[in-house]
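The primary structure of each chain is shown beneath.
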Protein chains: 2
Amino acid sequence: MNSFQFHNPTRIVFGEGETRRVAELTATYGRNVLLVYGGNSIKANGLYDQTIDLLKQADIEVHELAGIEPNPRLSTVQKGIDICRREGVDFILAVGGGSVIDAAKAIAAGVPYDGDVWDFFVGKARIQKALPLGTILTLAATGSEMNGNTVISHWDAKLKRGSGSPHIYPKFSILDPTVTYSVPRNHTVYGSIDIMSHVFEQYFSLTKNTPLQERLCESILQTVIENVEPALSNPNDSVARANLMWSGTMALNGGLISVGVHTDWATHGIEHEVSAIYDIPHGAGLAVLFPNWMKYVYKERIDRFVQYAQRVWGIQRDDRTDDELALAGIEATRAFFTRIGAESRLADFGIGADQLDRMAEEAVRYGEIGNFKRLGQQDVRNILEMSL
Amino acid sequence: MNSFQFHNPTRIVFGEGETRRVAELTATYGRNVLLVYGGNSIKANGLYDQTIDLLKQADIEVHELAGIEPNPRLSTVQKGIDICRREGVDFILAVGGGSVIDAAKAIAAGVPYDGDVWDFFVGKARIQKALPLGTILTLAATGSEMNGNTVISHWDAKLKRGSGSPHIYPKFSILDPTVTYSVPRNHTVYGSIDIMSHVFEQYFSLTKNTPLQERLCESILQTVIENVEPALSNPNDSVARANLMWSGTMALNGGLISVGVHTDWATHGIEHEVSAIYDIPHGAGLAVLFPNWMKYVYKERIDRFVQYAQRVWGIQRDDRTDDELALAGIEATRAFFTRIGAESRLADFGIGADQLDRMAEEAVRYGEIGNFKRLGQQDVRNILEMSL
């Protein structure tokens, strides 16, 4: 275990009906709010009307930024920053999934910053302050509701970049599992794979002597695996939805499950290059890439992949070699993703080989990526090629 | 899973040598510090000198309250409050284990309060504000370094009572595993049993559909079980000490592992009555009581005890009935406590039957205790009698 700092000040308010507390929680921080959301889903399920009504009843002024994209765009973030400045907004409320929350974080950081908010995503500046923000989560997936990370796409430049800061942790996040009843089947699948992928990035590590962190990772993986299919069979399964929602938050709540661990994040880096160009859902890209990344790197530390196969998938050793066990765990991952309905090839999204070089080059623009195995441009290209 | 709120603002600074950051962290909150500690251990291992030197080099004024008891006493807390008021202290630094941290929390809450600080422990008043406090943890045990709880003993009245508030979460806690190298064998044992007991109180619950919370509990239990004996064989085992330390914090960090779970805490209530009269170490009392509580209550929800036996102790079902499996898990607990050197009977501390009625009566003074099984006075007496 390495040295670490951990500090996660986000207040979680979890449970059925807790969305009704939005005005009370918001009023602690501001009276002039920018409501950030995506498309029609929160209008269809009533959450939009309820939130607006509650805020207005509490005499909170509400401005709106709708239409946040699944891969939220810099231009949309800039629009939000303009509204905040023009209207003197003092609090941002994100109602949505990870994309909406990430956009809200970028807006929050951009408002008090003199330069271009994109500076934070290309290493030109660090976030030094931000407007306070809160969230109502509508999708179990990214964990953005309880961390200080944000990922934004510069659509014209076909770049997708992340940034992070202690200043953009949400002040509160309301997690009401019933809100996710209306999440469509494919996004339930992609969100769940996103959760599992976050755990993979932290679990497949060369850091030794971290038994508690490893078990926490395995706990989340097992919980997600058990709960996805019940949520797909019955979208109103309150137990499955609650367990997925809390697993998503725990998987990336400021790195609690991987404190003192050297984490990887290469696959996320590669996926960002794919979805920067092709605009596919993040979880869908991860579903395609992760099993191939696993196959490409597992020999770097086979005991961790053996442990994964045995503890997470319950695969018995019997007369298997370590190699066979590791590969069985990877195959179980792929089979599970397929069984719940995820795509397994880039071709399923009409993606061919023509941009492989560009994606591989972009992925390593700041040098090799990943820590479990350091990946250079050719490695990234190989993994992309395995994924075609 | 029930609805819940979770908010834990404590900053953890974990790792070898991190105790050297004390002045930098303290200076964020105050310049006039009350240093609270126990006896000679931090003088013997150099931590006292180092801390004083670092604070003074940073021009931080230091007052001292030494001699915090293992079951910290109200009279000592009151002494601390007097010093803070007299000297205009603006920050409290606890250097020690749970007792020292609990005393510091009570002092922090007492300073800005007009009445008697004991009011907070008997339900006469709620903590509304407190001086900020930080900690350097020296013992893996109570989790007090990352929660808002405190337990204080009113020695004259033979009462031991808890209180809690969001206002007394430490602002920071420095966890340096090397500081625990000098913890004596018996306190390594008692601290580890305390950690396991905190998990038991949250794990043995009637709340259903909490698979992630249950697995987090099991993860901590397994990690402690694996690491106690290595730490006993080699007190300087950096891996074992680090794993025990982080397990202790995770076991009671504001209830993260039991969010949405109806927890028990009856055994802690009973133990408090024992140590209020006999002043035995908290973990020693828990080691005696917990297996007997388990035997007394396991039929209330045998599936949880079966799961405990199988997942935590790896006991195979073979041809065992649920009852036999549950009891095998309880026996494994007792056997482990005995193997690592804990006492198994109250008689080992010279405690006989003469105060059983008084302890049982006090334990239920506000009504039945516990949630896994509601315990009345006769139940508590029965468990105490099983423990003689």
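Reading guide: rules and limits
Residues numbered from 1 in each chain as written. Chains lettered and ligands numbered in written order. Predicted model: local features only at pLDDT ≥ 70, side-chain atom pairs only at ≥ 80, totals over all residues. Heavy atoms only, no water. Helix = DSSP H or I, 4+ residues; strand = E, 2+ residues; numbered from the N terminus. Rg over C-alpha atoms; globule rule 2.2 N^0.38 Å. Buried < 20%, exposed > 50% of the residue type's maximum accessible area, 1.4 Å probe, protein only. Contact = heavy atoms within 4.5 Å. Axes fitted to C-alpha atoms, helices over the stretch in contact; angles between N-to-C directions. Parallel < 35°, antiparallel > 145°, perpendicular 65-115°, else oblique. Left-handed = near helix turned anticlockwise from the far one by under 90°. Polar contact = N/O pair within 3.5 Å; in protein donor to acceptor, adjacent residues only side chain to side chain. Salt bridge = Lys/Arg side-chain N within 4 Å of Asp/Glu carboxyl O. Domains from an automatic or database assignment. Buried area = accessible area lost by both parts, 1.4 Å probe. Core = buried A, V, L, I, M, F, W, Y, C linked by side-chain atoms within 4.5 Å. Expected span 1.5 Å × (residues − 1). Bend = angle between axes of the 7 residues up to and from the residue. Least-squares fit on C-alpha atoms with pLDDT ≥ 70 in both. Phe/Tyr/Trp six-rings, centres within 6.5 Å; stacked < 30°, edge-to-face > 60°. Nonpolar A, V, L, I, M, F, W, Y, C, P; charged D, E, K, R; others polar. Pairing = 2+ DSSP bridges.

- Identification of chain A as NADH-dependent alcohol dehydrogenase from Paenibacillus agaridevorans is taken from an unreviewed UniProt entry.

**Here we look at the overall build of chain A**
Moving on, step 1. Across its full length, chain A holds 14 helices and 8 strands.
Moving on, step 2. Against the 2.2 N^0.38 benchmark of 21 Å for 388 residues, chain A shows a C-alpha radius of gyration of 20 Å, consistent with a compact globule.
Moving on, step 3. Dimensions along the principal axes, computed over C-alpha positions, put chain A at roughly 70 × 45 × 45 Å.
Moving on, step 4. Relative to its full complement of 388 residues, chain A shows a buried share of 62%.
Moving on, step 5. Here the contacts in chain A between residues at least 6 apart in sequence split such that 78% fall between residues at least 24 apart.

**Overview of the packing of helix H4 (residues 74-87) of chain A against helix H5 (residues 98-110) of chain A**
Residue and element names in this part refer to chain A.
Moving on, step 1. Look at H4 against H5: their axes get within 9 Å of each other, and the N-to-C directions meet at 50°. For the element pair H4 / H5, the angle class is oblique. Viewed along their axes, H4 and H5 form a crossing whose handedness is right-handed. In this structure, H4 uses Val-77, Gly-80, Ile-81, Cys-84 and Arg-85 to contact H5, whose residues at the interface are Ala-103, Ala-106, Ile-107 and Gly-110.

**Quick notes on the side chain of Gln307(A)**
Residues and elements named next belong to chain A.
Moving on, step 1. Its place among the elements puts Gln-307 in helix H11 (residues 302-313).
Moving on, step 2. At 2.7 Å, the side chain of Gln-307 and the side chain of Glu-218 are in polar contact.
Moving on, step 3. If we skip the residues at most four places from it in the chain, Gln-307 touches Tyr-203, Glu-214, Glu-218 and Val-312.

**Observations concerning the pattern of salt bridges**
Moving on, step 1. The tally for this structure, following the rule as stated, stands at 42 salt bridges over all chains.
Moving on, step 2. By sharing partners, the salt bridges in this structure join Arg161(A), Glu273(A), Glu362(A) and Arg365(A) into a single network.

**A look at the domain arrangement of chain A**
All names here are of chain A.
Moving on, step 1. The domain boundaries assigned to chain A delineate domain 1 (11-178) and domain 2 (184-386).
Moving on, step 2. Computed over C-alpha atoms only, the centres of domain 1 and domain 2 are separated by 26 Å.
Moving on, step 3. Facing the 25 residues of domain 1 at the interface are 29 residues of domain 2.
Moving on, step 4. In this assembly, domain 1 packs against domain 2 so that about 2,200 Å² is buried in total across both faces, 58% of it on carbon and sulfur atoms.

**A closer look at unusual backbone geometry**
Moving on, step 1. Look at Trp265(A): it is not a glycine, yet its phi comes out positive at around 70°.
Moving on, step 2. As for its placement among the helices and strands, Trp265(A) is situated in the loop between helix H8 (238-251) and helix H9 (266-278).

**Here we look at the nonpolar core**
Moving on, step 1. With 226 residues, the main nonpolar core has Ile92(A), Trp293(A) and Trp293(B) as its most contacted residues.
Moving on, step 2. Sequence-distant contacts of Trp293(B), defined by excluding residues within four places in its chain, comprise Phe204(B), Asp264(B), Ala266(B), Thr267(B), Phe305(B), Phe372(B), Leu375(B) and Ile383(B).

**Re helix H7 (residues 211-233) of chain B**
All names here are of chain B.
Moving on, step 1. Along its 23 residues, H7 runs 34 Å from first to last C-alpha, staying within 8% of the 33 Å computed at 1.5 Å per residue.
Moving on, step 2. The principal kink in H7, of about 25°, is found at Asn-227, preceding the proline Pro-230 by one to four residues.
Moving on, step 3. Taking burial as the measure, the 23 residues of H7 include 18 buried ones, the bulk of the element.

**Considering the relation of the copies chain A and chain B**
Moving on, step 1. In screw terms, the move from chain A to chain B is a rotation of 180° and a rise of 0.0 Å along the axis, fitting with an RMSD of 0.0 Å. The superposition of one copy onto the other is thereby described by a two-fold rotation axis. Residues of chain A ranked by C-alpha distance from the rotation axis are headed by Pro9(A), positioned 2.3 Å from it.
Moving on, step 2. Interface overlap between copies: 100% of the residues of chain A at the interface are likewise at the interface in chain B, consistent with a symmetric, same-surface contact.

**What about the packing of aromatic side chains?**
Moving on, step 1. The tally for this structure, following the rule as stated, stands at 49 aromatic pairs over all chains.
Moving on, step 2. Note on Phe4(A) and Phe14(B): the rings are 4.7 Å apart at their centroids and 10° apart in plane angle, and the pair reads as stacked. Placement of Phe4(A) in strand E1 (residues 4-14) and of Phe14(B) in strand E1 (residues 4-14) is noted, with the two residues assigned to different chains. The pair formed by Phe4(A) and Phe14(B) is uniform in burial state, with each residue classed as buried.

**Description of the environment of Ile369(A)**
Residues and elements named next belong to chain A.
Moving on, step 1. Of note, Ile-369 is situated in the loop between helix H13 (356-363) and helix H14 (377-386).
Moving on, step 2. On the accessibility criterion, Ile-369 (14% relative accessible area) is buried.
Moving on, step 3. Sequence separation between Ile-369 and Ala-266 is 103 residues, and the spatial gap between their C-alpha atoms is 5.4 Å.

**Notes on helix H12 (residues 322-339) of chain B**
Residue and element names in this part refer to chain B.
Moving on, step 1. For H12, which comprises 18 residues, the first-to-last C-alpha distance of 25 Å matches the rise-based estimate of 26 Å (1.5 Å per residue) to within 8%.
Moving on, step 2. Those residues of H12 that fall on the buried side of the exposure criterion are Leu-325, Ala-326, Gly-329, Ile-330, Ala-332, Thr-333, Arg-334, Phe-336 and Phe-337.
Moving on, step 3. On its buried face, H12 sits against helix H6 (185-203), H7, helix H10 (282-297) and helix H11 (302-312).
Moving on, step 4. The positive-phi residue at the C-terminal boundary of H12 is Gly-341, with phi of around 110°.

**Considerations on the interface of chain A and chain B**
Moving on, step 1. Counting residues at the interface gives 38 residues for chain A, matched by 38 residues for chain B.
Moving on, step 2. Summing the contributions of chain A and of chain B, the shared interface buries around 3,400 Å²; its carbon and sulfur component is 58%.
Moving on, step 3. Considering only the side of chain A, the residues that lose the most area to chain B are Leu212(A), Arg215(A) and Trp246(A), jointly responsible for 19% of the buried surface there.
Moving on, step 4. On the surface where chain A and chain B come into contact, there are 2 salt bridges.
Moving on, step 5. On the surface where chain A and chain B come into contact, there are 17 residue pairs in polar contact (both at pLDDT 80 or more).
Moving on, step 6. Going through the elements one at a time, E1, helix H7 (211-233) and H8 of chain A are the ones with two or more residues in the side of chain A that touches chain B.
Moving on, step 7. For the side of chain A that touches chain B, the class distribution of residues is 18 nonpolar, 14 polar and 6 charged.
Moving on, step 8. Relative to E1(B), E1(A) runs antiparallel, the two sharing 7 bridges. Bridge pairing in E1(B) places Phe4(A) opposite Phe14(B).

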